[in-house]
Amino acid sequence: MATSFNKKELEKKKEQKRKEKQRRKEERKSDGSKSFDDMIAYVDENGVITNTPPDPNKKKKVDLDDIAISIPKKEGMEEAILNGRVEHFNADKGYGFIKNLSGMDKYFFHVSNAPANIVEGNKVTFELERGEKGMNAVKIVLIK
């Protein structure tokens, strides 16, 4: 089978590249370049990067029960009872808004969290609870 001139040239170039690659590999080995173990870095307990591994004898014991994974529950804290005035109430749709008397905030409330005889303008006390779209007024009581 006859090979073309181009094909022979391409084969020669491939062979030269292989030999060059092998030569560079041998040079790297003979130069004593860094091995993988020489490239490893360690971080000590102060966050400083060092090239010496940590001493296993200086290892501190950590009790798993001492690790706090979440925010602790607020035990013993009562919900703050707020005073407000009913700004808007739609009995047909079953919702309304209460304006906090100590601030400019308005809070949504549902008729299920309010007394049956609530109307616009009533002064009330209420507590807050996080809802899907923000804080909601709950445990609403009329002030006489």
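The coordinates are above.
Remember, it's a predicted structure, so these values are computed and weren't measured experimentally.

A. Inspection of a positive patch on the surface at higher detail. Among the surface-exposed residues, Lys21, Lys25, Arg28 and Lys29 lie close enough to one another that they form a single positively charged patch. Within the secondary structure layout, Lys29 lies in helix H1 (residues 5-31).

B. Quick look at the side chain of Asn122. With respect to the helices and strands, Asn122 occurs in the loop between strand S5 (106-110) and strand S6 (123-131). For Asn122, a relative accessible area of 18% puts it in the buried group. The residues touching Asn122, leaving out its near neighbours within four places in the chain, are Gly84, Arg85, Val86, Asn117 and Leu142.

C. Layout of a nonpolar patch on the surface. A grouping of Val62, Leu64, Ile67 and Ile69 is seen on the molecular surface, where their side chains present a nonpolar patch of about 480 Å² in accessible area. Here Val62 shows up in the loop between strand S2 (49-50) and strand S3 (82-90). Of the residues examined, Val62 reaches a relative accessible area of 58% and is grouped as exposed.

D. Up close: the environment of Lys12. Structurally, the position occupied by Lys12 is in helix H1. Judged by relative accessible area, which is 54%, Lys12 ranks as exposed. As for Lys12 and Arg24, which are separated by twelve residues in sequence, their C-alpha atoms are 18 Å apart.

E. Fine view of the nonpolar core. Judged by nonpolar contacts, Leu82, Val86, Phe89, Ile98, Tyr107, Phe109, Ala114, Ile118, Val124, Phe126, Ala137 and Ile140 together constitute the single largest core of twelve residues. Element by element, the count of residues in this core is highest for S3, at three residues.

Scoring rules and cut-offs
Residues numbered from 1 in each chain as written. Predicted model: local features only at pLDDT ≥ 70, side-chain atom pairs only at ≥ 80, totals over all residues. Heavy atoms only, no water. Patch = residues over 30% accessible without salt bridge, like charges linked within 9 Å, V, L, I, M, F, W, Y side chains within 5 Å. Areas by Shrake-Rupley, 256 points an atom, 1.4 Å probe, with all protein chains shown as cover. Salt bridge = Lys/Arg side-chain N within 4 Å of Asp/Glu carboxyl O. Lys, Arg positive; Asp, Glu negative; His and termini not counted. Charge placed at Lys NZ, Arg CZ, Asp CG, Glu CD. Helix = DSSP H or I, 4+ residues; strand = E, 2+ residues; numbered from the N terminus. Buried < 20%, exposed > 50% of the residue type's maximum accessible area, 1.4 Å probe, protein only. Contact = heavy atoms within 4.5 Å. Core = buried A, V, L, I, M, F, W, Y, C linked by side-chain atoms within 4.5 Å.

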